[in-house]
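In case you want the letters, here they are:
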Amino acid sequence: CGACSTSQDLATYMKFSITDPLTATPNLVSVGFLCHLAVSSSDPDISPKDLVDGVSLCLQNGDDGARIPPANLSTDCAYTWAINVFLTGLQTEEGGCKDICTMMLGLLLVGECHPINFPNNKCPYNADTCELHSCLQCDDSVSGDAFIQMAGMTRRNAGIHTLLPRKCGSLASHIHTCVAFFHE
């Protein structure tokens, strides 16, 4: 168990697993990225703590002004995601992945990396070779182990398919039978 091991977080993981161009539901990575942009652009001199706190609140409640939907993560899980977003969002020379990840995250936001468009060498992974985009390699190096230890439940170990399947064979084999619970 960990910060993201609640049924509320499981519901969020399932709802925001893949960007759906028909309903305009973004994936959770896109929501985190948009929250980071909204909070950091509101104050260029924002402290790291205030940035993490702001992203955490945005992940829980959304941001109407920036048209970011609430992800409804639990408080502890949203904070864990916010720390991950902060660390990955640092400039490369600061030990983060911002320079490497900006293009890939942009493609995720516009839906160009939706599975219907694979294979696409600009998208997060190559399904044939299991080779990850350099952004995901960087994210794994910068934040991966700490996120997994803090979160407890991740989308991968919960068996939830996303656009970011990291490594071939790393997705747990689970069948979630409570689907009706997760629909609005």
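Presented here is an overview of the structure given in this document. Since the structure is predicted, the reported quantities are computational estimates derived from the model, not experimental observations.

Remarks on the packing of helix H4 (residues 75-88) against helix H6 (residues 134-151)
Working step 1: Contact geometry of H4 with H6 gives a least axis separation of 9 Å together with a crossing angle of 170°. Comparing the axis directions of H4 and H6 gives the class roughly antiparallel. Taking contact as the criterion, the partners of Thr80, Trp81, Ile83, Asn84, Leu87 and Thr88 in H4 are, on H6, Asp139, Val142, Ser143, Phe147, Met150 and Ala151.
Working step 2: Grouping the amino acids of the contact of H4 with H6 by side-chain chemistry returns seven nonpolar, four polar and one charged.

Digging into H6
An α-helix turns once every 3.6 residues. As a result, residues three or four positions apart point the same way.
Working step 1: Helix geometry: H6 is bent most strongly at Ser143, by close to 60°.
Working step 2: All of the buried residues along H6 are Cys135, Leu136, Cys138, Asp139, Asp140, Ser143, Gly144, Phe147 and Ala151.
Working step 3: Following H6 by one or two positions, Gly152 adopts a phi angle in the positive range, close to 80°.

Quick notes on the packing of aromatic side chains
Where two aromatic rings form a pair, the distance of their centres and the angle of their planes describe that pair.
Working step 1: The final tally for this structure, using the stated rule, is two aromatic pairs.
Working step 2: Look at Tyr13 and Trp81: their rings are 6.3 Å apart centre to centre, the planes differ by 55°, and that puts the pair in the tilted class. With a gap of 68 residues between them, Tyr13 in helix H1 (residues 7-15) and Trp81 in helix H4 connect regions that are remote in the sequence. Taken individually, Tyr13 and Trp81 each receive the classification buried, so the pair is uniform in this respect.
Working step 3: Ring centres of Trp81 and Phe147 lie 5.5 Å apart, and the angle between their planes is 85°; on these two criteria the pair is classed as edge-to-face. Of this pair, Trp81 sits in helix H4 while Phe147 sits in helix H6, and the two are 66 residues apart along the sequence.
Working step 4: Residue Phe147 is classed as buried on the basis of its relative accessible area of 13%.
Working step 5: Clustering of aromatic rings is evident, with ring pairs tying together Tyr13, Trp81 and Phe147.

Rules used throughout
Residues numbered from 1 in each chain as written. Predicted model: local features only at pLDDT ≥ 70, side-chain atom pairs only at ≥ 80, totals over all residues. Heavy atoms only, no water. Axes fitted to C-alpha atoms, helices over the stretch in contact; angles between N-to-C directions. Helix = DSSP H or I, 4+ residues; strand = E, 2+ residues; numbered from the N terminus. Parallel < 35°, antiparallel > 145°, perpendicular 65-115°, else oblique. Contact = heavy atoms within 4.5 Å. Nonpolar A, V, L, I, M, F, W, Y, C, P; charged D, E, K, R; others polar. Bend = angle between axes of the 7 residues up to and from the residue. Buried < 20%, exposed > 50% of the residue type's maximum accessible area, 1.4 Å probe, protein only. Phe/Tyr/Trp six-rings, centres within 6.5 Å; stacked < 30°, edge-to-face > 60°.

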